[in-house]
Amino acid sequence: MACYHRPDANTLQALKDMANTLRIHSITATSEAGSGHPTSCCSCAEIMSVLFFHAMKYKPHDPKNPNNDRFVLSKGHAAPILYAAWAEAGYLNVNQLLTLRKMGSILEGHPVPKLAFVDVATGSLGQGLGAAAGMAYTGKYFDKASYRVFCLLGDGESSEGSVWEAMAFASHYRLDNLLAIIDVNRLGQSDPAPLQHKVEAYRKRCEAFGWTTEVVDGHSVDELCKAFWQATMVENKPCVIIAKTTKGKGIEGVEDKENWHGKAIPKDKLQEIIQTIKCRILEGKKLTPGQPVESASTVNIEDIQLGAPPKYKHAEKVATRKAFGTALAKIGHSNDRIIALDGDTKNSTFSEMFKKEYPKRYIECFIAEQNMVSVGVGCCARDRTVPFVSTFSTFFSRAFDQIRMAAISESNINLVGSHCGVSIGEDGPSQMGLEDLALFRAIPTATIFYPSDAVSTERAVELAANTKGICFIRTTRPETTIIYKNTEMFEVGKAKVLKKTDKDMVTVVAAGVTMQEALTAAAKLAEEDIFIRVVDPFTIKPLDDKTIVCCTKGTKKKHVITVEDHYYEGGLGEAVAAALASEPTIIVHRLAVSGVPFSATPAELLERFEIDAKAIVKTVKDIISN
C-alpha cells in the first residue's frame with residue numbers, strides 16, 4: 001500500500017505564502033472594484049493554494065487542454081481568488097486583477113466561460129457539483145482518462161437540494177475521480193449557515209450519501225495536502241473534504257464577523273490590512289503546478305449525421321417522441337460521442353432506444369431533473385460529448401435555473417421534452433408541458449425545434465447535434481400522421497409552407513398536434529371552397545418571420561391564425577405576434593390553451609380549449625364574415 005510522504009518544510013511554507021498572496025490579491029481587487037466577496041475568498045485561501053499548486057495537475061498556459069484536471073468553483077462569488085490563482089500560475093497578468101468587475105474586463109463578478117479556465121458558469125449556488133459530476137463521469141466512462149475533477153462548494157449552498165442530488169449521482173456511479181471540498185466558514189450572506197461549524201454533522205450527511213469523507217482544518221496546508229493525497233487512494237467512491245475555516249481569515253477585525261458578506265474592504269483600511277498579511281509571507285520556494293498525464297484522446301463532434309434517412313410510409317402515424325428515439329440511435333451510430341441522459345422516463349421519451357443500442361453511452365439520472373441538466377452541461381464541457389437530455393417537457397421547468405446557467409456557460413446541451421400540452425390527455429395537468437416554449441424562448445442562446453411529424457423530428461435531432469447553444473426539441477405523445485417525404489430537408493429558422501393556393505383567405509401557423517388539426521381544417525374548408533395557407537414553422541426560435549409575413553400578405557384577408565398546444569403566454573402565438581409587430585396591416589388571431597386543464601381524452605381537451613380543427617374552421621369563417 002502506498003505511503004503518504006509529507007511535503008518538506010519549504011514546500012509547506014511556500015503553500016502558506018501562496019495562500020496569503022491569494023488573500024492579498026482578492027482583498028486588493030475587490031477594494032479597487034468597490035464590491036465583491038473578499039471574506040469568502042479569504043476563508044478558502046489555503047484550499048486554493050494547495051489545490052492549484054500541489055494537488056491539481058494542469059498546464060497553466062493551456063487551460064482548455066483535455067488532459068488537465070478540472071476545477072469548478074461552485075461558490076462562484078469567490079471568483080477573485082480563482083482569478084488570483086490563475087495569475088499566480090502565470091496565465092493571467094497580475095495587473096489584470098485590478099480590472100475586476102469593471103466594464104470591458106474579462107474578470108466578471110462570478111466566473112463565466114469567456115475565461116479559458118472556466119468550464120461552466122457558477123454563481124447561482126448549488127449547481128457546481130452536478131456539473132463537476134458530469135465532467136467526472138465523462139472522464140471515467142467516456143474519455144477513460146486520468147484527469148480528475150475538483151469542486152469547491154460553500155457551506156451555505158449545501159442547503160440546496162441540487163447539491164444532494166449530485167451527491168447521490170456521484171456515489172451511485174462510483175466517481176472516484178471526483179473530489180469535492182466544502183468550505184465550512186460558518187457564515188452565510190445574512191445569517192450563519194444552519195450547521196455553522198458542526199463539521200461532524202456534515203461528515204455524517206456526506207457519508208450517508210456514500211462519499212468517503214475527511215474533516216480537516218481548512219487553514220492547515222499540512223492537513224489539506226494529506227487529505228488531497230488520501231483522496232487519490234480511494235477507489236470506486238467519490239471523496240469530499242470538509243474544511244473548517246474562518247470567514248474573512250487574515251483580515252483583522254473582520255474574521256468570523258457577520259455582515260461582511262459581499263462587502264469590499266474600505267480603501268482607508270486597505271494598506272494596514274495588506275501589510276499585516278504581507279508580514280506572514282517569507283517568499284521562499286517558488287511553486288509550479290504538476291503536469292498532467294497525456295491520456296485524453298482526440299474527439300471529433302463535427303458534422304454529425306443521421307447515417308440513414310427517415311423511413312416512413314406516407315400517411316403512416318408515428319409519435320414524434322418515438323421518432324426522436326429512432327433518430328438518436330441513428331446519430332449514435334455515426335458518432336461515438338453522442339450520449340443520452342434521462343430522468344427515469346426513457347420508456348416514455350423513447351431514449352430507451354438509444355440505451356438498447358449503446359448502453360455504455362446512456363446515463364440514467366433518475367428523478368432528479370436539476371442535477372440531470374447540470375450533469376449534461378458537465379458532460380459537454382470542453383466539447384468532449386454531444387449530450388441529449390430527455391424527460392417530460394414540463395419537468396424541465398424545475399430545472400429552469402440550471403438551463404439559464406447553461407446559457408451563461410455557453411453550453412451546447414440538447415434538451416428533449418416529450419408529453420407537451422393537453423394532447424397527452426388523461427394524465428392531467430401536472431404532466432402537461434404548457435409553459436416550456438415560454439421557458440426556452442426566454443433563454444438567449446436557445447434554438448427551439450417543434451417538429452410536426454416523424455420525418456421532421458429526425459431532422460431536428462440531426463440539426464440539434466450540430467447547432468451551437470442550447471437546443472430544445474418539443475415532442476408529442478400522440479401518434480401524428482407523416483406529412484413530409486423521407487427526402488425532405490430542413491434548416492434552422494426556415495418554415496415550410498404545406499398548403500398554398502391563389503385563393504387563400506388567411507394563413508394558419510401551427511406545429512406538432514395542432515398542425516394535424518390545421519391540415520384537417522384546411523381539408524374541411526376546401527370542401528366549401530374556402531382555402532387557407534398552412535405554415536409549419538419547424539423552429540419557434542429562430543422564427544421564420546419572413547415566410548409568415550410573405551404568406552399572410554399573399555392572402556385575401558391578410559390575417560394569420562396561430563394554433564398551439566401551449567398556454568397563451570410565451571408560446572408560438574406570442575412569437576408570431578412579436579415578429580409581426582412592425583406589420584400593421586396584418587392581424588394576428590391566437591388560439592391556445594386558456595386556464596389550467598384537467599384529465600380527459602386528447603380529443604376532448606383539444607376541443608374544450610378550442611385548438612382543434614373545428615375551432616380553426618370557426619375562426620377562419622368568423623374572419624371572412626367580418
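Note that the coordinates shown come from a computational prediction; the quantities given were computed from them, not determined experimentally. Throughout, a residue's number is its position along its own chain's written sequence, starting from 1. Only residues with pLDDT of at least 70 are given local features in this predicted model, and only at 80 or more are side-chain atom pairs given and counted; all residues enter the totals for whole chains, interfaces and linings. With hydrogens and water set aside, each side-chain value is computed from the structure's full complement of heavy atoms.

Another aspect to go through is the environment of Gln-96. When you line up the elements, Gln-96 lands in the loop between helix 4 (79-89) and helix 5 (128-142). Distance in space between the C-alpha atoms of Gln-96 and Leu-107 is 8.1 Å, their sequence separation being eleven residues. The secondary structure listing takes helices from DSSP runs of H or I that are at least 4 residues long and strands from runs of E that are at least 2 residues long, numbered from the N terminus.

For the rest of this paragraph, the subject is the sheet that holds strand 18 (residues 559-567). Paired strands, in this sense, are two strands between which DSSP finds at least two bridges. Here we have five strands laid out as an open sheet, ordered 14-16-15-18-19, and mixed in their pairing. Of all the strands in the sheet, just strand 14 (496-499) and strand 19 (587-593) have a single pairing partner and so form its edges. Within this sheet the neighbouring strands show an average axis-to-axis angle of 25°, counted without direction. Across six bridges, strand 18 lies against strand 19 in parallel orientation. In the sheet register, Val-560 faces strand 19, and the bridge partner there is Val-588. For this analysis, residues touch if any pair of their heavy atoms sits within 4.5 Å. Helix axes are fitted only over the stretch in contact, all axes being lines through C-alpha atoms; the angle between N-to-C directions runs from 0 to 180 degrees. Here helix 17 (residues 513-526) sits on the sheet in contact with strand 14, strand 15 (504-510), strand 16 (531-536) and strand 18, set at roughly 165° to strand 16.

Before going further, it helps to examine the nonpolar core. Core analysis: the biggest nonpolar cluster contains 80 residues, and Leu-129, Leu-178, Ile-363 and Leu-415 have the highest contact counts within it. Per element, the largest residue contribution to this core is eight residues, and it comes from helix 5. Not counting the four nearest positions on each side in its chain, Leu-129 is found in contact with Ser-74, Cys-151, Leu-153, Val-163, Ala-166, Met-167, Leu-178, Ala-180 and Trp-211. Counting residues in each nonpolar core, the second largest holds 54 residues, with Leu-51, Phe-71, Leu-152 and Phe-228 among its members. What we call a nonpolar core is a set of buried Ala, Val, Leu, Ile, Met, Phe, Trp, Tyr and Cys residues that are connected through their side-chain atoms within 4.5 Å. Partly exposed describes any residue whose relative accessible area lies between the buried limit of under 20% and the exposed limit of over 50%, with all areas from a 1.4 Å probe on protein chains only and scaled to the type maximum.

Turning our eyes to something else, we now look at the side chain of Arg-384. Topologically, Arg-384 is positioned in the loop between helix 13 (369-379) and strand 9 (386-392). By relative accessible area, which is 5% here, Arg-384 ends up buried. At 3.1 Å, the side chain of Arg-384 forms a polar contact with the side chain of Asp-143. Setting aside its immediate chain neighbours within four residues, Arg-384 contacts Pro-66, Arg-70, Thr-138, Asp-143, Ala-296, Ser-297, Val-299, Arg-337 and Cys-379. In protein, a polar contact requires one atom able to donate a hydrogen and another able to accept it; more generally it is a pair of N or O atoms within 3.5 Å, and residues adjacent in sequence count only if both atoms are side-chain atoms.

This part takes up the domain arrangement of the protein chain. Note: domain ranges come from an automatic or database domain assignment. Taken domain by domain, the protein chain holds domain 1 (9-279), domain 2 (316-482) and domain 3 (496-625). By convention, the term buried area covers the 1.4 Å-probe accessible surface removed from two parts as they join, with the contributions of both added. Together domain 1 and domain 2 conceal approximately 2300 Å² of surface at their shared face, both sides included; 55% is due to carbon and sulfur atoms. Interface area lost by domain 1 to domain 2 is led by Gln-127, Phe-142 and Glu-165, which between them contribute 25%. In what follows, salt bridge is the name for a side-chain nitrogen of Lys or Arg lying within 4 Å of a carboxyl oxygen of Asp or Glu. Viewed at the interface, domain 2 and domain 1 are joined by three salt bridges. One salt bridge in this structure joins Arg-384 and Asp-143, with 3.1 Å as the shortest N-O distance. Linking domain 1 to domain 2 there are eleven residue pairs in polar contact (both at pLDDT 80 or more). Counting only elements with at least two residues in the side of domain 1 that touches domain 2, the list comes to helix 5 and helix 6 (161-172). The leading source of residues in the side of domain 1 that touches domain 2 is helix 5, at seven residues. Classifying every residue of the side of domain 1 that touches domain 2 gives 13 nonpolar, eleven polar and seven charged. The residue classification treats Ala, Val, Leu, Ile, Met, Phe, Trp, Tyr, Cys and Pro as nonpolar and Asp, Glu, Lys and Arg as charged. All others, Gly included, are polar.

With that out of the way, let us pick up the pattern of salt bridges. Scanning the entire structure with this criterion turns up 28 salt bridges. Note that Lys-267 is salt-bridged to Glu-32, the shortest N-O span being 3.8 Å. Separated by 235 residues along the polypeptide, Lys-267 in helix 9 (residues 267-278) and Glu-32 in helix 1 (residues 9-33) bring together distant segments of the chain. With a relative accessible area of 52%, Lys-267 lands in the exposed category. Of the charged contacts in the structure, one is a salt bridge between Arg-186 and Asp-256, with a shortest N-O distance of 2.9 Å. With a gap of 70 residues between them, Arg-186 in the loop between strand 3 (178-184) and helix 7 (199-208) and Asp-256 in the loop between strand 5 (239-244) and helix 9 connect regions that are remote in the sequence. Among the residues examined, Arg-186 registers a relative accessible area of 14% and is labelled buried. With relative accessibility at 31%, the residue Asp-256 sits in the partly exposed group. The structure contains a network of salt bridges with shared partners spanning Glu-32, Lys-102 and Lys-267.

So, about the environment of Ser-625. Looking at the element boundaries, Ser-625 is found in helix 21 (residues 613-625). The class for Ser-625 is exposed, based on a relative accessible area of 56%. From its side chain, Ser-625 meets the backbone oxygen of Asp-622 in a polar contact 3.0 Å long.

A few words on the packing of helix 3 (residues 45-55) against helix 4. At a minimum axis distance of 11 Å, the contact between helix 3 and helix 4 shows a crossing angle of 40°. Regarding helix 3 and helix 4, the two cross each other, and that crossing is right-handed. Across the interface between the two elements, Ala-45, Met-48, Phe-52 and Phe-53 of helix 3 pack against Ile-81, Leu-82, Ala-85, Trp-86, Glu-88 and Ala-89 of helix 4. In terms of residue class, the contact of helix 3 with helix 4 is made up of nine nonpolar, no polar and one charged. Crossing handedness: left-handed means the near helix sits turned counterclockwise from the far one by under a right angle, and right-handed means the same turn made clockwise.

What follows deals with helix 1. With 25 residues, helix 1 extends 36 Å from end C-alpha to end C-alpha; this agrees with the ideal 36 Å at 1.5 Å per step. With 18 of 25 residues buried, helix 1 is to be regarded as a mostly interior element. Among the residues of helix 1, the N-terminal cap falls to Asp-8, whose side-chain oxygen and the backbone nitrogen of Asn-10 are separated by 3.0 Å. Following helix 1 by one or two positions, Gly-34 adopts a phi angle in the positive range, close to 80°. Multiplying 1.5 Å by the helix residue count minus one yields the expected span of that helix.

The next subject is the side chain of Thr-552. Looking at where Thr-552 falls in the secondary structure, it is placed in helix 18 (residues 545-553). A relative accessible area of 0% places Thr-552 in the buried class. Every residue in contact with Thr-552, bar those within four places of it in the chain, is listed here: Thr-507, Lys-558, His-559, Val-560 and Ile-586.

The element strand 3 is largely enclosed, with a buried count of seven among its seven residues. Of the two faces of strand 3, both are covered, the one formed by Leu-178, Ala-180, Ile-182 and Val-184 as well as the one formed by Leu-179, Ile-181 and Asp-183. Of the pairings in the sheet, the one linking strand 2 (residues 149-154) to strand 3 comprises six bridges and is parallel in character. Each bridged residue has a counterpart across the sheet, and for Phe-150 the counterpart in strand 3 is Leu-179.

As a further point, take the UniProt feature "domain: Transketolase-like pyrimidine-binding" (unreviewed entry) in the protein chain. Using the residue numbers shown here, the UniProt feature "domain: Transketolase-like pyrimidine-binding" (unreviewed entry) corresponds to residues 318-482. Taken end to end, residues 318-482 has its terminal C-alpha atoms 7 Å apart, with 38% of it in helix and 21% in strand. UniProt positions are given in the numbering used here, feature names are shortened, and annotations may be inferred rather than shown by experiment.

Two rings from Phe, Tyr or Trp (for Trp, the six-membered ring) form a pair when their centres are within 6.5 Å of each other. A pair whose planes differ by under 30 degrees is stacked, one over 60 is edge-to-face, and the rest are tilted. This model, assessed by the stated rule, comprises 25 aromatic pairs. The rings of Phe-52, Tyr-58, Phe-71, Tyr-83, Trp-86, Tyr-91 and Phe-117 are connected pair by pair, giving a single aromatic cluster.

To continue, consider the packing of helix 3 against helix 8 (residues 221-232). Contact geometry for helix 3 and helix 8: axes closest at 10 Å, N-to-C directions at 50°. Judged by the angle between their axes, helix 3 and helix 8 are oblique. The hand of the helix 3/helix 8 crossing is right-handed. Contact residues: helix 3 offers Glu-46, Ile-47, Val-50, Leu-51, His-54 and Ala-55, while helix 8 offers Val-221, Leu-224, Cys-225 and Phe-228. When its residues are assigned to classes, the contact of helix 3 with helix 8 shows eight nonpolar, one polar and one charged. Here is the rule for angles: anything less than 35 degrees is roughly parallel, anything more than 145 is roughly antiparallel, 65 through 115 is roughly perpendicular, and the remaining ranges are oblique.

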